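Okay, here's what each chain looks like letter by letter:
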Amino acid sequence: MAARDDQPRPLAPAPATGDLLTQVARGDEAAFVKLYDELAPRVYGLCRRIVRDPAQAEEVAQEALVEVWRTAGRYDPAKGSASAWVLTIAHRRAVDRVRAEQASTDRERRVATEEVPYDDVVEQATARLERQQVRRCLQGLTDLQREAITLAYYRGYSYREVADLLGAGLPTVKTRMRDGLIRLRDCLGVSFA
Amino acid sequence: MSDDIHTLAGPYALDAVDDLERARFDRHLATCDSCAQEVAELRETATRLADATEVTPPARLKEAVLAEVARTPQARRARAARGGEARWRRWTAAAVAAGIVAIGAAAATYVVEDQRVRDAQAQAAQVTSILDAPDAVVRTGDLAGGRVTVVLSASLNKGVAVVQGLPDPGTGKAYQLWLIKDRQPQNAGVLGAGASGGARVFSDVQGADQFGVSHEKAGGAGTPTTPLVGSVNL
Ligand SMILES: [Zn+2]
């Protein structure tokens with residue numbers, strides 16, 4: 001039982017989550033419960049961030065999580081991590097919802113409701129470390145890269161809308177989203193080994 | 001026009017395209033390996049933006065989801081899952097912090113009860129300040145079948161350790177945490193009697209090169225009983 005870890009090391013969750021998803025694909029409800037416990041806080045948090053309205057966010061999170069159950073067999077580990085797969089489903093659904101709502105004028109009103117409350121102070125503390133790292137890396141982007149990415153990802157705007165909002169050309173916005181994400185990827189140390 | 005479709009990789013990874021563009025880019029992905037690889041990485045990156053939004057969902061969400069799952073048949077697989085296992089790595093310290101998040105409410109309880117701190121908010125604020133320190137360093141490791149995460153800030157000269165999943169220490173016994181500086185152990189807190197995990201905040205962390213856990217009588221000891229249950233290099 002001597003010293004074993006002398007480096008920051010990758011956590012188990014990535015592979016473990018993939019295994020869970022594989023079990024879920026075989027109809028294993030117990031595995032789904034574990035998957036829920038691991039990913040629901042991020043799925044729900046992301047839905048709240050994008051959709052804003054708590055009741056609607058809950059609905060969207062539920063739809064997304066049931067979709068994960070239904071389509072788990074389509075997850076291909078060669079194409080990415082299980083959490084990215086699940087969060088992509090949630091993100092798309094949340095974006096679809098907010099765009100469907102877009103015509104209605106109360107989107108702006110909801111946007112005014114800022115940060116969501118946390119139930120647990122220590123959870124808040126730890127989530128903050130993650131947020132801080134993300135924030136630090138976002139600060140490393142140019143203003144245009146950062147605004148383009150956050151408007152699209154956290155608020156569900158399309159790149160055309162982003163171009164309008166920022167008064168920039170379409171090719172520029174497309175390019176800034178891509179090179180901004182690449183810079184973010186390098187800063188956060190996301191890699192495909 | 002079609003030759004600049006690669007530039008949609010960014011908007012696509014952010015779901016910032018319309019349905020037509022999405023379908024068009026999906027078709028492109030099937031034939032362009034470099035875009036497929038890039039989109040996979042950009043999606044992972046975007047997922048990290050989602051990590052930062054984590055919120056505990058209401059309990060009724062779980063009930064509702066599980067009830068719906070119980071009556072929802074699964075779609076057939078589109079194809080047999082491919083063999084190769086993707087290895088996704090997250091080397092950043094922030095990702096390691098997710099290890100603490102995973103411990104969740106249990107750790108919060110320990111912080112509050114075991115430290116006998118009356119004001120839970122003050123305690124949490126202390127943990128927060130350490131986690132938020134710009135120079136916070138996170139180390140994590142497996143230890144005696146459990147897991148330990150240590151966050152140290154040299155500028156605050158403080159640290160916080162979260163230990164979980166150790167074997168039951170037995171009645172009247174407890175685990176004690178130690179900072180080790182050049183082979184000299186320094187008490188970093190004693191977990192509750194019979195507790196197999198917990199969190200401790202400690203100070204005077206400068207120069208520490210190892211973090212260790214020992215098995216002691218409840219209440220702890222002045223020097224650790226050796227051999228240690230386990231240790232992690234800092
Ligand atoms: Zn391409």
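Just so it is clear, the structure is predicted and the values come from calculations on it, not from any experiment. (Residues numbered from 1 in each chain as written. Chains lettered and ligands numbered in written order. Predicted model: local features only at pLDDT ≥ 70, side-chain atom pairs only at ≥ 80, totals over all residues. Heavy atoms only, no water.)

## Examining the packing of helix H2 (residues 29-51) of chain A against helix H4 (residues 59-70) of chain B
Piece 1. Two elements in contact, H2(A) and H4(B), have axes separated by 11 Å at closest approach and are oriented at 135°. Overall, the two elements H2(A) and H4(B) adopt an arrangement that is oblique. Considering the relative orientation of H2(A) and H4(B), their crossing is right-handed. Contact residues: Glu29(A), Phe32(A), Val33(A), Tyr36(A), Asp37(A) and Tyr44(A) in H2(A); Leu61(B), Lys62(B), Val65(B), Leu66(B), Val69(B) and Ala70(B) in H4(B). (Axes fitted to C-alpha atoms, helices over the stretch in contact; angles between N-to-C directions. Helix = DSSP H or I, 4+ residues; strand = E, 2+ residues; numbered from the N terminus. Parallel < 35°, antiparallel > 145°, perpendicular 65-115°, else oblique. Left-handed = near helix turned anticlockwise from the far one by under 90°. Contact = heavy atoms within 4.5 Å.)

## Focus on the state of the cysteines
Residue and element names in this part refer to chain A.
Piece 1. Overall, the coordinates contain one disulfide over all chains when judged by the stated rule.
Piece 2. Across the disulfide from Cys137 sits Cys187; the S-S distance is 2.0 Å. On the sign convention where negative is left-handed, the bridge of Cys137 and Cys187, at about -75° about the S-S bond, is left-handed. Highlighted residues: Cys137 in helix H6 (residues 121-139) and Cys187 in helix H9 (residues 170-188), separated in sequence by 50 residues.
Piece 3. Taking relative accessible area as the criterion, Cys137 reaches 3% and is therefore assigned buried.
Piece 4. Note on Cys187: relative accessible area 38%, which makes it partly exposed. (Disulfide = S-S within 2.5 Å. Buried < 20%, exposed > 50% of the residue type's maximum accessible area, 1.4 Å probe, protein only.)

## Focus on the sheet that holds strand S6 (residues 184-190) of chain B
Within a beta sheet, neighbouring strands are joined by backbone hydrogen bonds and run either parallel or antiparallel to one another.
Residue and element names in this part refer to chain B.
Piece 1. Taken in spatial order, the four strands of this open sheet run S6-S5-S8-S9, and their pairing is antiparallel. Edge positions in the open sheet fall to S6 and strand S9 (230-233), since each of these has one partner strand only. Mean inter-strand twist for the sheet, computed between neighbouring axes without regard to direction, equals 30°.
Piece 2. Bridging between strand S5 (residues 173-181) and S6 involves five bridges; their strand directions are antiparallel. Opposite Ile180, over in S6, you have Pro185 as the bridge partner. (Pairing = 2+ DSSP bridges.)

## Considering the coordination of the zinc ion
All names here are of chain B.
Piece 1. Taken together, His6 (ND1), His28 (NE2), Cys32 (SG) and Cys35 (SG) make up the protein donors of the zinc ion, found 2.1 to 2.3 Å from the metal.
Piece 2. Classification of the site at the zinc ion as tetrahedral follows from its four donor atoms and the range of 103 to 122° in their angles at the metal.
Piece 3. Within one chain, the residues serving as donors to the zinc ion are arranged as H-x21-H-x3-C-x2-C. Here His6 is found in the segment before helix H1 (9-13), whereas its partner Cys35 is found in helix H3 (residues 33-51), with 29 residues between them in sequence. (Donors = N, O, S within 2.8 Å, 3.2 Å for Na, K, Ca; no water. Tetrahedral: all angles 85-135°; square planar, octahedral: opposite > 155°, others 65-115°.)

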